[in-house]
Amino acid sequence: MIELQIFKTENASELISKIKDKRALLQFAGPAYHFPLTQEQLENDLNNENRFMFRIFDQAEQKNIGHAQIFLKEGTFLLGRILIWDENNRGKGYGKKIVQKLLEYGFSHFDRETAELNVYDWNTGAIECYKKVGFEIDPDVMSEVSIDDELWLSVNMKISKNTFESKKI
């Protein structure tokens, strides 16, 4: 069973140790953080009243397996910075469970009818995971970022509270 635990300053070194290079950081966090990830960058988010940071804890294994955040925006909340530490645990359903837990938390704690997230278009495994939960791509919202002479396209995906509730049944 997956549990969201509140991320604290003392958890920063574990998260920082998982981000090996600037490409991994950009994939994980978008362009807001700068490599190398630092405790100061994480503390800025911890001090932001509209950002909620979580450790992802696997109760069966009794260990922390990842990180995720929720960012409150006007009329919606954004899921982001979702990272499963061990690449061997990817593709095993953890992502879907984590996204469902984040949506349960967001829809039950915040007065919002919609949730959204951004994902790079080449990250097809993540996109498929989000679609399984009920997210749909919003073709009107995209952005680009440049790294190492490459252009990465970020697509936006949305889910309504009603869609999420109907998928849970």
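Every value quoted in this text rests on a predicted model; they were computed, and no experiment measured them.

Q: Before we move on, could you go through unusual backbone geometry and cite the residues and values that matter?
A: A cis amide bond links Phe-35 with the next residue in sequence, Pro-36, at an omega value of 0°. Among the secondary structure elements, Pro-36 is positioned in the loop between α2 (22–29) and α3 (39–46). Not every positive phi belongs to a glycine, and Gln-62 is a case in point at roughly 55°. One can find Gln-62 in the loop between β2 (51–58) and β3 (63–73).

Q: Describe the packing of helix α4 (residues 94–109) against helix α6 (residues 161–168), listing the residues and the values that go with them.
A: For the pair α4 and α6, interaxial distance at closest approach is 11 Å and the crossing angle is 125°. By the criterion of interaxial angle, the relationship of α4 to α6 is oblique. Crossing hand, α4 versus α6: left-handed. On the side of α4, the interface is formed by Gln-100, Leu-103, Glu-104 and Phe-107, while α6 contributes Lys-161, Phe-164 and Lys-168.

Q: A description of the packing of aromatic side chains should follow, citing residues and the corresponding values.
A: If you walk through the whole model with that rule in mind, you get ten aromatic pairs. Centroid distance Phe-54 to Tyr-105: 4.9 Å. Interplanar angle 75°. Geometry classified as edge-to-face. One end of the pair, Phe-54, is in strand β2; the other, Tyr-105, is in helix α4, with 51 residues separating them in the sequence. By the burial criterion, Phe-54 is buried, and Tyr-105 matches it. Aromatic side chains Tyr-105 and Phe-110 sit 6.0 Å apart centroid to centroid with 65° between the ring planes, which places their arrangement in the edge-to-face category. Comparing Tyr-105 with Phe-110, the two get one shared label, buried. Ring pairing ties together the aromatic residues Phe-52, Phe-54, Phe-77, Tyr-105, Phe-107, Phe-110 and Phe-164, which thus form one cluster. One Lys or Arg, Arg-81, reaches over the ring of Tyr-33 and ends 4.0 Å from the middle of that ring.

Q: Now, about the environment of Ile-98: what can you tell me, with residues and values included?
A: One can find Ile-98 in helix α4. Linking Ile-98 and Gly-66, residues 32 residues apart in sequence, is a C-alpha distance of 9.3 Å. Not counting residues up to four positions away in its chain, the partners in contact with Ile-98 are Ile-2, Ile-56, Ala-68, Ile-82 and Ile-84.

Q: Account for the sheet that holds strand β1 (residues 2–6), with residues named and values stated.
A: Ordered by their spatial adjacency, seven strands build an open sheet running β1-β2-β3-β4-β5-β7-β6, and the pairing between neighbours is mixed. Each edge of the sheet is formed by a strand with only one pairing partner; in this case those strands are β1 and β6 (136–147). On average, each strand axis in the sheet is inclined to that of its neighbour by 30°, with strand direction left out of account.

Q: For the pairing of strand β7 (residues 150–160), give the residues involved together with the corresponding values.
A: Where strand β5 (residues 114–120) and β7 come together, seven bridges link them in antiparallel fashion. When the bridges of β7 are listed, Val-119 appears paired with Val-155. Where β6 and β7 come together, nine bridges link them in antiparallel fashion. Counterpart to Glu-144 in the pairing with β7 is Leu-153. Between the end of β6 and the start of β7, which pair antiparallel, lie two residues, with Asp-148 showing a positive phi angle near 50°.

Q: Explain the environment of Tyr-105 to me, and be specific about the residues and the numbers.
A: Taking C-alpha positions, Tyr-105 is 9.2 Å from Ile-70, a pair spaced 35 residues apart along the chain. Ignoring any residue separated from it by four or fewer positions in sequence, one finds Tyr-105 in contact with Leu-4, Phe-52, Phe-54, Ile-70 and Phe-110.

Calculation rules
- Residues numbered from 1 in each chain as written.
- Predicted model: local features only at pLDDT ≥ 70, side-chain atom pairs only at ≥ 80, totals over all residues.
- Heavy atoms only, no water.
- Helix = DSSP H or I, 4+ residues; strand = E, 2+ residues; numbered from the N terminus.
- Axes fitted to C-alpha atoms, helices over the stretch in contact; angles between N-to-C directions.
- Parallel < 35°, antiparallel > 145°, perpendicular 65-115°, else oblique.
- Left-handed = near helix turned anticlockwise from the far one by under 90°.
- Contact = heavy atoms within 4.5 Å.
- Phe/Tyr/Trp six-rings, centres within 6.5 Å; stacked < 30°, edge-to-face > 60°.
- Buried < 20%, exposed > 50% of the residue type's maximum accessible area, 1.4 Å probe, protein only.
- Lys NZ or Arg CZ within 6 Å of the ring centre and 35° of its normal.
- Pairing = 2+ DSSP bridges.

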